[in-house]
Amino acid sequence: MRVWTAANQKGGVGKTTTVISLGSLLALRGHRVLLVDLDPHGSMTGYFKYDSDQLTLSVYTLFQANAQKTPLDPRTLVCHTPIEHLDLLPSTLAMATLDRMAGKLEGMGLILKNTLQTLSIDYDFAVIDCPPMLGVLMVNAVAASERLIIPVQTEFLAIKGLERMIQTLAMVLKARKTLDLPYTIVPTLFDRRTRAAQEGLDSLRQSHSDHLWQGYIPVDTRFREASKAGIPPPQFDPRSRGVLAYESLLADLLAEIPASPPAMAPVAAREAPA
Ligand code: ADP
Ligand code: MG
């Protein structure tokens, strides 16, 4: 299973939209996809018309079971969406209390990773929507992921926030003694008619070219309409400019996945000992 996380400590930059768009595009390609809502505000859960106040089972249940040492089959937490091949591990507000629990509990950082390992027979991809604050949920997302996607709104203040996000990521990786986690910065909400957006994009290209996705996600009013309808943007309007941009992002992300090694590696020619 491939695991990607969208993260940024700034809200309103397109994290949830990115996760839903990439996840449902993968599902359209026939991949089995699990969307994971780690944000206690549950906007992805709400997108699919699940009420996070009413749900009794959520990501929170994983942490509870771990604390109480009770066995739990994570499949019982999964909700379906109207989209074929697309499921959701929902969020509830109780998750906002996890950081208080985390202080006294060992080993809470790998709960999501272990859960996804259990679910990896059922899904080809997990795409995680990360809360905008550093805490046990973000730590879990980082530990479980092979790539981070950092949506950044193309404007000056948002780019300042990006520096903070990169510092946070470095802190989490250091604390976890993890060497590195590849990340892709995705310019979002780009309005090419404004000079601020153009300057924002230029500034990203100057300062972050190593990790920057070469395209951008344009402002597209269809996203809000899709969200109101509770239908992922690619199923709502597959030809919209925003969806086409996410398709191009997805193609580039898929191209980054290292090819699995050939079944039988060719025997390397050895140098004769001197
Ligand atoms: P975050 O998860 O970072 O808080 P969201 O994905 O929820 O951000 O996006 C915030 C709001 O902006 C939502 O109402 C969403 O529909 C809208 N939105 C996201 N991306 C775009 C876009 N490219 N064009 C227009 N509206 C967008
Ligand atoms: Mg969100």
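Each remark here, short or long, concerns the structure printed above.
The structure presented is a predicted model; accordingly, all values stated were derived computationally and were not measured.

Asks: Even after reading the chapter, I still don't get the side chain of T154, so can you show me in this structure?
Replies: Within the secondary structure, T154 sits in the loop between β6 (147–153) and α7 (156–175). On the accessibility criterion, T154 (4% relative accessible area) is buried. A distance of 3.3 Å separates the side chain of T154 from the backbone oxygen of T188, its partner in a polar contact. When sequence neighbours within four positions are dropped, the list of residues in contact with T154 reads P187, T188, L189, F190, A196, A197, G200, L201 and L204.

Asks: Can you help me understand the pairing of strand β5 (residues 125–129) in this one?
Replies: Both faces of the sheet carry side chains from a regular strand, because those side chains alternate between them. In terms of burial, β5 is largely enclosed, as five of its five residues are buried. Burial along β5 is two-sided: F125, V127 and D129 facing one way and A126 and I128 facing the other are all buried. Summarising the sheet, strand β1 (residues 2–6) and β5 pair through five bridges and their orientation is parallel. Bridge pairing in β5 places A6 opposite D129. One ladder, built from five bridges, connects strand β2 (residues 33–37) with β5; its direction is parallel. Counterpart to D37 in the pairing with β5 is D129.

Asks: Honestly, the site of ligand 1 in this entry has me stumped. Any pointers?
Replies: Ligand 1 sits among 14 residues. The nearest are G12, T16, T17, P218 and D220. Elements represented by at least two residues in the shell around ligand 1 include exactly α1 (15–28) and α9 (222–229). The biggest single contributor to the shell around ligand 1 is α1, with three residues. Class assignment for the residues of the shell around ligand 1 results in six nonpolar, five polar and three charged.

The rules behind each value
Residues numbered from 1 in each chain as written. Chains lettered and ligands numbered in written order. Predicted model: local features only at pLDDT ≥ 70, side-chain atom pairs only at ≥ 80, totals over all residues. Heavy atoms only, no water. Helix = DSSP H or I, 4+ residues; strand = E, 2+ residues; numbered from the N terminus. Buried < 20%, exposed > 50% of the residue type's maximum accessible area, 1.4 Å probe, protein only. Polar contact = N/O pair within 3.5 Å; in protein donor to acceptor, adjacent residues only side chain to side chain. Contact = heavy atoms within 4.5 Å. Pairing = 2+ DSSP bridges. Near = heavy atom within 4 Å. Nonpolar A, V, L, I, M, F, W, Y, C, P; charged D, E, K, R; others polar.

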